[in-house]
Amino acid sequence: MSGPLPGEKEGGDERGPTPLERKDAGHPGQTTPPMWDALSYVLAGPLLFGGVAYLLDRWVGTSWLVLPGVLIGMAVSLYTVWVRYGRQ
Amino acid sequence: MSLSLVGLALASEGESEGFHAPSPEEFYWPIFGSGDWTFTRPMLMMALSVLILGVLLVTLTKKAAIVPGKGQWMVEQAYDFVRNGIARDIIGSKDFLKYTPLLFSLFTLILLNNLFGIIPPIQYPTMSRIGFPIALTLIVYAVYHIAGMRRKGVGHYLSGMIPKGLPKPIYALIIPLEYATYFIIRPLTLALRLFGNMFAGHMLLLLFIMGGEYMLLHGGPGLKVVSVGSFLMALIFTAFEALIQFLQAYIFTLLAATYISDAISEEH
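Quick notes on the rules
- Residues numbered from 1 in each chain as written.
- Chains lettered and ligands numbered in written order.
- Predicted model: local features only at pLDDT ≥ 70, side-chain atom pairs only at ≥ 80, totals over all residues.
- Heavy atoms only, no water.
- Helix = DSSP H or I, 4+ residues; strand = E, 2+ residues; numbered from the N terminus.
- Buried < 20%, exposed > 50% of the residue type's maximum accessible area, 1.4 Å probe, protein only.
- Contact = heavy atoms within 4.5 Å.
- Areas by Shrake-Rupley, 256 points an atom, 1.4 Å probe, with all protein chains shown as cover.
- Axes fitted to C-alpha atoms, helices over the stretch in contact; angles between N-to-C directions.
- Left-handed = near helix turned anticlockwise from the far one by under 90°.
- Core = buried A, V, L, I, M, F, W, Y, C linked by side-chain atoms within 4.5 Å.
- 1 Å grid on protein atoms, 1.4 Å probe; cavity = no way out; pocket = protein on both sides within 12 Å on 5 of 7 lines; lining within 4 Å.
- Points joined across faces, edges and corners; volume = space filled by probe spheres on them.
- Nonpolar A, V, L, I, M, F, W, Y, C, P; charged D, E, K, R; others polar.

For chain A, an unreviewed UniProt entry supplies the name ATP synthase protein I and the organism Nostocoides australiense Ben110.

Remarks on the overall build of chain A
When you go through chain A residue by residue, the secondary structure sums to three helices and zero strands. Start at the N end of chain A and walk to the C end: the helices and strands fall as α-α-α. Burial status across chain A gives 28% buried among its 88 residues. The long-range fraction of contacts in chain A, counting pairs at least 24 apart against all pairs at least 6 apart in sequence, stands at 57%. Looking at chain A as shown, the accessible area adds up to about 6,100 Å², and 67% of this sits on carbon and sulfur atoms.

Side note on the packing of helix H3 (residues 70-91) of chain B against helix H8 (residues 221-264) of chain B
Residue and element names in this part refer to chain B. At their nearest, the axes of H3 and H8 sit 8 Å apart, and the two run at 35° to each other. Two packed elements cross with a definite hand, and for H3 against H8 that hand is right-handed. Residue-level inspection shows Phe81, Ile86, Ile90 and Ile91 of H3 in contact with H8, the latter providing Phe246, Tyr250, Thr253, Leu254, Ala257, Thr258, Ile260, Ser261 and Ile264.

Describing the nonpolar core
B:Ile91, B:Met127 and B:Phe252 are the most contacted members of the largest nonpolar core, which totals 61 residues. Within the residue set of this core, elements represented by two or more residues are helix H2 (38-60) and helix H3 (66-86) of chain A together with helix H2 (41-62), H3, helix H4 (96-115), helix H5 (131-152), helix H7 (171-218) and H8 of chain B. For this core, the element with the highest residue contribution is H8(B), accounting for 12 residues. If sequence neighbours within four positions are ignored, B:Phe252 has contacts with B:Leu106, B:Ile110, B:Leu136, B:Thr137, B:Val140, B:Leu190 and B:Leu194. Counting residues in hydrophobic clusters, the runner-up holds five residues, among them B:Leu205, B:Phe208, B:Ala234 and B:Phe237.

Comments concerning empty space enclosed by the protein
Residue and element names in this part refer to chain B. Scanning all chains against the criterion turns up one cavity of 30 Å³ or more. In this structure, the largest cavity occupies an estimated 60 Å³ of space. Around the largest cavity sit 11 residues that line it, and Tyr157, Met161, Tyr182, Asp262 and Ala263 are the ones nearest its centre. Where the lining of the largest cavity is concerned, the elements lending two or more residues are H5, H7 and H8. Considering only residue class, the lining of the largest cavity consists of six nonpolar, two polar and three charged.

Written out as C-alpha coordinates, the structure reads:
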(Lines give C-alpha, C1' and ligand atoms only; values in the text may rest on other atoms or scores of the structure.)
Protein backbone atom coordinates (compact mmCIF):
# COMPACT_ATOMS: atom_id res chain seq x y z
CA MET A 1 0.00 0.00 0.00
CA SER A 2 2.58 2.56 1.14
CA GLY A 3 5.30 1.82 -1.42
CA PRO A 4 7.74 4.51 -2.52
CA LEU A 5 6.14 7.43 -4.36
CA PRO A 6 6.81 7.82 -8.10
CA GLY A 7 9.41 10.54 -7.54
CA GLU A 8 11.29 8.75 -4.79
CA LYS A 9 14.64 7.10 -5.48
CA GLU A 10 15.17 3.47 -4.49
CA GLY A 11 18.51 3.31 -2.69
CA GLY A 12 21.02 0.90 -4.24
CA ASP A 13 18.57 -0.78 -6.62
CA GLU A 14 19.61 -0.65 -10.23
CA ARG A 15 15.98 -0.67 -11.22
CA GLY A 16 13.11 0.52 -9.09
CA PRO A 17 10.03 -1.66 -8.85
CA THR A 18 7.52 -1.30 -11.66
CA PRO A 19 4.13 0.19 -10.75
CA LEU A 20 2.66 -3.32 -10.82
CA GLU A 21 5.36 -4.72 -8.56
CA ARG A 22 4.85 -1.83 -6.18
CA LYS A 23 1.14 -2.52 -6.08
CA ASP A 24 1.76 -6.21 -5.44
CA ALA A 25 4.21 -5.63 -2.60
CA GLY A 26 3.24 -5.58 1.03
CA HIS A 27 0.61 -8.29 1.05
CA PRO A 28 1.60 -10.61 3.87
CA GLY A 29 -0.74 -13.42 2.90
CA GLN A 30 -3.00 -15.26 5.21
CA THR A 31 -2.08 -18.44 7.02
CA THR A 32 -5.25 -19.11 8.97
CA PRO A 33 -7.86 -20.79 6.80
CA PRO A 34 -11.18 -18.93 6.63
CA MET A 35 -13.54 -19.54 9.53
CA TRP A 36 -15.81 -22.00 7.77
CA ASP A 37 -12.96 -24.33 6.97
CA ALA A 38 -13.30 -25.16 10.67
CA LEU A 39 -15.89 -27.59 9.29
CA SER A 40 -13.01 -29.92 8.42
CA TYR A 41 -11.90 -30.01 12.05
CA VAL A 42 -15.43 -30.41 13.37
CA LEU A 43 -15.90 -33.45 11.13
CA ALA A 44 -12.43 -34.89 11.65
CA GLY A 45 -12.75 -35.49 15.42
CA PRO A 46 -15.96 -37.54 15.59
CA LEU A 47 -15.09 -39.44 12.39
CA LEU A 48 -11.56 -40.30 13.48
CA PHE A 49 -12.18 -41.15 17.13
CA GLY A 50 -15.58 -42.71 16.43
CA GLY A 51 -13.96 -44.81 13.72
CA VAL A 52 -11.13 -45.93 15.97
CA ALA A 53 -13.64 -46.76 18.70
CA TYR A 54 -15.70 -48.79 16.24
CA LEU A 55 -12.65 -50.78 15.19
CA LEU A 56 -11.72 -51.30 18.85
CA ASP A 57 -15.25 -52.53 19.49
CA ARG A 58 -14.96 -55.13 16.76
CA TRP A 59 -11.49 -56.14 17.89
CA VAL A 60 -12.18 -56.44 21.62
CA GLY A 61 -15.77 -57.62 21.18
CA THR A 62 -17.46 -54.84 23.13
CA SER A 63 -20.29 -52.72 21.84
CA TRP A 64 -20.30 -49.49 23.85
CA LEU A 65 -17.11 -47.74 22.74
CA VAL A 66 -18.46 -45.81 19.73
CA LEU A 67 -20.46 -43.26 21.70
CA PRO A 68 -17.59 -42.24 24.03
CA GLY A 69 -15.30 -42.26 20.99
CA VAL A 70 -17.53 -39.84 19.09
CA LEU A 71 -17.89 -37.63 22.17
CA ILE A 72 -14.14 -37.52 22.78
CA GLY A 73 -13.70 -36.75 19.09
CA MET A 74 -16.12 -33.82 19.36
CA ALA A 75 -14.26 -32.49 22.39
CA VAL A 76 -10.89 -32.73 20.63
CA SER A 77 -12.41 -31.09 17.54
CA LEU A 78 -13.75 -28.16 19.52
CA TYR A 79 -10.45 -27.81 21.34
CA THR A 80 -8.54 -27.76 18.03
CA VAL A 81 -10.91 -25.20 16.57
CA TRP A 82 -10.27 -23.04 19.62
CA VAL A 83 -6.50 -23.50 19.29
CA ARG A 84 -6.56 -22.68 15.57
CA TYR A 85 -9.08 -19.89 15.43
CA GLY A 86 -9.78 -18.57 18.90
CA ARG A 87 -6.41 -18.33 20.61
CA GLN A 88 -4.92 -15.02 19.52
CA MET B 1 -40.53 -58.37 4.39
CA SER B 2 -44.18 -58.38 3.51
CA LEU B 3 -44.32 -54.66 4.14
CA SER B 4 -41.51 -53.96 1.73
CA LEU B 5 -43.25 -56.16 -0.84
CA VAL B 6 -46.38 -54.07 -0.46
CA GLY B 7 -44.26 -50.99 -0.86
CA LEU B 8 -42.73 -52.41 -4.02
CA ALA B 9 -46.14 -53.27 -5.41
CA LEU B 10 -47.38 -49.77 -4.66
CA ALA B 11 -44.33 -48.24 -6.23
CA SER B 12 -44.65 -50.26 -9.42
CA GLU B 13 -48.33 -49.48 -9.55
CA GLY B 14 -47.60 -45.79 -9.13
CA GLU B 15 -45.01 -45.90 -11.85
CA SER B 16 -47.58 -46.18 -14.58
CA GLU B 17 -49.49 -43.02 -13.75
CA GLY B 18 -48.31 -41.03 -10.68
CA PHE B 19 -45.72 -38.32 -10.42
CA HIS B 20 -42.07 -39.34 -10.51
CA ALA B 21 -40.03 -37.43 -8.01
CA PRO B 22 -36.58 -36.68 -9.45
CA SER B 23 -34.01 -39.23 -8.33
CA PRO B 24 -30.23 -39.56 -8.63
CA GLU B 25 -30.82 -41.54 -11.83
CA GLU B 26 -31.72 -38.26 -13.55
CA PHE B 27 -28.02 -37.45 -13.42
CA TYR B 28 -26.88 -40.35 -15.57
CA TRP B 29 -26.87 -39.41 -19.24
CA PRO B 30 -24.91 -41.85 -21.38
CA ILE B 31 -24.22 -40.67 -24.93
CA PHE B 32 -22.31 -43.59 -26.41
CA GLY B 33 -20.26 -46.54 -25.29
CA SER B 34 -21.13 -48.80 -22.39
CA GLY B 35 -19.96 -49.93 -18.98
CA ASP B 36 -16.96 -48.16 -17.48
CA TRP B 37 -16.13 -46.52 -20.80
CA THR B 38 -19.43 -44.81 -21.38
CA PHE B 39 -19.10 -41.29 -22.71
CA THR B 40 -21.65 -39.21 -20.81
CA ARG B 41 -23.27 -35.82 -21.06
CA PRO B 42 -21.21 -34.18 -18.27
CA MET B 43 -18.04 -35.39 -20.02
CA LEU B 44 -19.18 -33.69 -23.20
CA MET B 45 -19.99 -30.55 -21.22
CA MET B 46 -16.59 -30.52 -19.53
CA ALA B 47 -14.93 -30.75 -22.95
CA LEU B 48 -17.24 -28.02 -24.23
CA SER B 49 -16.41 -25.75 -21.29
CA VAL B 50 -12.68 -26.12 -21.90
CA LEU B 51 -13.22 -25.29 -25.56
CA ILE B 52 -15.42 -22.26 -24.77
CA LEU B 53 -13.02 -20.92 -22.14
CA GLY B 54 -10.00 -21.45 -24.34
CA VAL B 55 -11.51 -19.73 -27.36
CA LEU B 56 -13.01 -16.91 -25.27
CA LEU B 57 -9.87 -16.12 -23.31
CA VAL B 58 -7.59 -16.27 -26.33
CA THR B 59 -9.77 -14.20 -28.68
CA LEU B 60 -10.70 -11.59 -26.07
CA THR B 61 -7.12 -10.95 -25.02
CA LYS B 62 -5.41 -11.42 -28.40
CA LYS B 63 -5.43 -7.76 -29.29
CA ALA B 64 -4.81 -6.54 -25.77
CA ALA B 65 -5.00 -2.76 -25.74
CA ILE B 66 -4.10 -0.25 -23.05
CA VAL B 67 -7.65 1.03 -23.21
CA PRO B 68 -9.48 -2.29 -23.12
CA GLY B 69 -12.54 -3.12 -25.18
CA LYS B 70 -15.63 -4.61 -23.60
CA GLY B 71 -14.47 -8.23 -23.86
CA GLN B 72 -10.95 -7.56 -22.71
CA TRP B 73 -12.31 -5.54 -19.81
CA MET B 74 -14.46 -8.45 -18.66
CA VAL B 75 -11.58 -10.93 -18.82
CA GLU B 76 -9.39 -8.46 -16.94
CA GLN B 77 -12.01 -8.07 -14.23
CA ALA B 78 -12.26 -11.82 -13.76
CA TYR B 79 -8.48 -12.19 -13.78
CA ASP B 80 -8.04 -9.30 -11.33
CA PHE B 81 -10.63 -10.83 -9.04
CA VAL B 82 -8.71 -14.11 -8.81
CA ARG B 83 -5.22 -12.62 -8.97
CA ASN B 84 -5.65 -9.79 -6.45
CA GLY B 85 -8.73 -10.83 -4.53
CA ILE B 86 -7.79 -14.44 -3.95
CA ALA B 87 -4.17 -15.26 -4.84
CA ARG B 88 -2.41 -12.07 -3.66
CA ASP B 89 -4.49 -11.59 -0.53
CA ILE B 90 -4.29 -15.20 0.61
CA ILE B 91 -0.89 -16.44 -0.57
CA GLY B 92 0.90 -13.10 -0.17
CA SER B 93 3.16 -10.93 -2.34
CA LYS B 94 6.11 -13.29 -2.38
CA ASP B 95 4.70 -16.46 -3.90
CA PHE B 96 1.29 -15.75 -5.33
CA LEU B 97 2.24 -15.27 -9.00
CA LYS B 98 3.34 -18.87 -9.36
CA TYR B 99 -0.07 -20.17 -8.31
CA THR B 100 -2.27 -17.59 -10.04
CA PRO B 101 -2.60 -19.55 -13.33
CA LEU B 102 -3.80 -22.63 -11.45
CA LEU B 103 -6.27 -20.66 -9.35
CA PHE B 104 -7.59 -18.71 -12.36
CA SER B 105 -8.07 -21.93 -14.34
CA LEU B 106 -9.84 -23.57 -11.42
CA PHE B 107 -12.12 -20.60 -10.89
CA THR B 108 -13.15 -20.10 -14.51
CA LEU B 109 -13.54 -23.81 -15.20
CA ILE B 110 -15.69 -24.44 -12.12
CA LEU B 111 -17.71 -21.26 -12.63
CA LEU B 112 -18.60 -22.02 -16.25
CA ASN B 113 -19.40 -25.66 -15.48
CA ASN B 114 -21.59 -24.59 -12.55
CA LEU B 115 -23.36 -21.97 -14.65
CA PHE B 116 -24.16 -24.70 -17.18
CA GLY B 117 -26.71 -25.71 -14.55
CA ILE B 118 -28.96 -22.78 -15.44
CA ILE B 119 -27.90 -21.99 -19.02
CA PRO B 120 -30.44 -23.34 -21.50
CA PRO B 121 -30.32 -25.66 -23.33
CA ILE B 122 -27.58 -27.33 -21.26
CA GLN B 123 -29.13 -26.95 -17.79
CA TYR B 124 -26.98 -29.50 -16.06
CA PRO B 125 -24.18 -28.65 -13.63
CA THR B 126 -21.15 -30.76 -14.52
CA MET B 127 -19.96 -30.78 -10.92
CA SER B 128 -23.09 -32.65 -9.81
CA ARG B 129 -21.24 -35.79 -10.90
CA ILE B 130 -18.84 -36.55 -8.07
CA GLY B 131 -15.96 -37.57 -10.37
CA PHE B 132 -15.33 -34.02 -11.55
CA PRO B 133 -14.92 -32.41 -8.11
CA ILE B 134 -12.74 -35.37 -7.08
CA ALA B 135 -10.44 -34.84 -10.07
CA LEU B 136 -10.10 -31.11 -9.33
CA THR B 137 -9.54 -31.79 -5.64
CA LEU B 138 -6.80 -34.30 -6.44
CA ILE B 139 -4.97 -31.63 -8.43
CA VAL B 140 -5.22 -29.15 -5.53
CA TYR B 141 -4.25 -31.88 -3.06
CA ALA B 142 -1.11 -32.80 -4.99
CA VAL B 143 -0.16 -29.15 -5.53
CA TYR B 144 -0.34 -28.02 -1.91
CA HIS B 145 1.34 -31.06 -0.41
CA ILE B 146 4.14 -31.09 -2.97
CA ALA B 147 4.61 -27.32 -2.65
CA GLY B 148 4.84 -27.64 1.13
CA MET B 149 7.26 -30.55 1.02
CA ARG B 150 9.51 -28.86 -1.52
CA ARG B 151 9.53 -25.62 0.44
CA LYS B 152 10.17 -27.04 3.91
CA GLY B 153 11.34 -30.61 3.44
CA VAL B 154 9.10 -33.55 4.31
CA GLY B 155 9.90 -33.71 8.03
CA HIS B 156 9.55 -29.99 8.68
CA TYR B 157 6.38 -29.87 6.60
CA LEU B 158 4.76 -32.66 8.61
CA SER B 159 5.80 -31.23 11.98
CA GLY B 160 4.60 -27.78 10.90
CA MET B 161 1.03 -29.07 10.79
CA ILE B 162 0.91 -29.50 14.55
CA PRO B 163 0.22 -26.36 16.62
CA LYS B 164 2.95 -25.62 19.13
CA GLY B 165 2.87 -24.69 22.80
CA LEU B 166 0.04 -26.91 24.03
CA PRO B 167 0.10 -29.06 27.20
CA LYS B 168 2.00 -32.31 26.47
CA PRO B 169 -0.74 -34.93 27.12
CA ILE B 170 -3.10 -33.26 24.65
CA TYR B 171 -0.74 -34.00 21.76
CA ALA B 172 -1.70 -37.68 21.90
CA LEU B 173 -5.16 -36.61 20.71
CA ILE B 174 -4.26 -33.58 18.62
CA ILE B 175 -1.62 -35.18 16.39
CA PRO B 176 -3.87 -37.85 14.85
CA LEU B 177 -6.63 -35.29 14.49
CA GLU B 178 -4.44 -32.78 12.64
CA TYR B 179 -3.10 -35.40 10.26
CA ALA B 180 -6.57 -36.77 9.62
CA THR B 181 -7.73 -33.23 8.87
CA TYR B 182 -4.84 -32.34 6.57
CA PHE B 183 -4.71 -35.59 4.62
CA ILE B 184 -8.27 -36.92 4.59
CA ILE B 185 -10.99 -34.57 5.77
CA ARG B 186 -9.88 -31.39 3.98
CA PRO B 187 -9.86 -32.86 0.47
CA LEU B 188 -13.03 -34.77 1.32
CA THR B 189 -14.93 -31.64 2.34
CA LEU B 190 -13.46 -29.68 -0.58
CA ALA B 191 -14.82 -32.16 -3.13
CA LEU B 192 -18.08 -32.92 -1.32
CA ARG B 193 -18.97 -29.26 -0.74
CA LEU B 194 -18.85 -28.50 -4.46
CA PHE B 195 -20.54 -31.75 -5.46
CA GLY B 196 -23.27 -31.50 -2.80
CA ASN B 197 -24.20 -27.93 -3.62
CA MET B 198 -24.46 -28.59 -7.34
CA PHE B 199 -26.29 -31.89 -6.89
CA ALA B 200 -28.85 -30.53 -4.43
CA GLY B 201 -29.41 -27.37 -6.47
CA HIS B 202 -30.08 -29.31 -9.65
CA MET B 203 -32.37 -31.69 -7.75
CA LEU B 204 -34.37 -28.75 -6.39
CA LEU B 205 -34.83 -27.18 -9.83
CA LEU B 206 -35.81 -30.55 -11.29
CA LEU B 207 -38.39 -31.04 -8.57
CA PHE B 208 -40.08 -27.68 -9.09
CA ILE B 209 -40.01 -27.84 -12.88
CA MET B 210 -41.06 -31.48 -13.20
CA GLY B 211 -43.67 -31.02 -10.48
CA GLY B 212 -45.06 -27.94 -12.18
CA GLU B 213 -45.13 -29.68 -15.54
CA TYR B 214 -46.92 -32.71 -14.09
CA MET B 215 -49.53 -30.61 -12.33
CA LEU B 216 -50.09 -28.48 -15.42
CA LEU B 217 -50.40 -31.35 -17.89
CA HIS B 218 -51.89 -34.15 -15.81
CA GLY B 219 -53.58 -32.46 -12.82
CA GLY B 220 -57.16 -31.32 -12.31
CA PRO B 221 -58.15 -27.63 -12.53
CA GLY B 222 -57.02 -26.98 -8.94
CA LEU B 223 -53.58 -28.46 -9.57
CA LYS B 224 -53.23 -26.52 -12.82
CA VAL B 225 -53.57 -23.28 -10.83
CA VAL B 226 -51.10 -24.44 -8.20
CA SER B 227 -48.55 -25.34 -10.88
CA VAL B 228 -48.01 -21.60 -11.42
CA GLY B 229 -46.56 -21.48 -7.91
CA SER B 230 -44.27 -24.37 -8.70
CA PHE B 231 -42.93 -22.67 -11.82
CA LEU B 232 -42.52 -19.44 -9.88
CA MET B 233 -40.45 -21.29 -7.30
CA ALA B 234 -38.36 -22.76 -10.11
CA LEU B 235 -37.73 -19.23 -11.37
CA ILE B 236 -36.77 -17.91 -7.94
CA PHE B 237 -34.50 -20.85 -7.26
CA THR B 238 -32.85 -20.45 -10.64
CA ALA B 239 -31.77 -16.96 -9.59
CA PHE B 240 -30.73 -18.36 -6.21
CA GLU B 241 -28.75 -21.12 -7.94
CA ALA B 242 -26.82 -18.55 -9.98
CA LEU B 243 -25.63 -17.09 -6.69
CA ILE B 244 -24.72 -20.50 -5.24
CA GLN B 245 -22.91 -21.48 -8.43
CA PHE B 246 -20.74 -18.41 -8.33
CA LEU B 247 -20.18 -18.77 -4.59
CA GLN B 248 -19.08 -22.39 -4.83
CA ALA B 249 -16.59 -21.61 -7.60
CA TYR B 250 -15.24 -18.81 -5.41
CA ILE B 251 -15.08 -20.95 -2.27
CA PHE B 252 -13.30 -23.80 -4.02
CA THR B 253 -10.66 -21.41 -5.39
CA LEU B 254 -10.34 -19.56 -2.10
CA LEU B 255 -9.84 -22.78 -0.15
CA ALA B 256 -7.31 -24.05 -2.69
CA ALA B 257 -5.39 -20.79 -2.16
CA THR B 258 -5.55 -21.08 1.63
CA TYR B 259 -4.31 -24.65 1.58
CA ILE B 260 -1.39 -23.65 -0.63
CA SER B 261 -0.65 -20.63 1.57
CA ASP B 262 -0.84 -22.76 4.70
CA ALA B 263 1.52 -25.37 3.19
CA ILE B 264 4.25 -22.94 2.11
CA SER B 265 4.07 -20.39 4.94
CA GLU B 266 7.08 -20.49 7.25
CA GLU B 267 5.62 -19.86 10.68
CA HIS B 268 2.50 -21.26 12.21
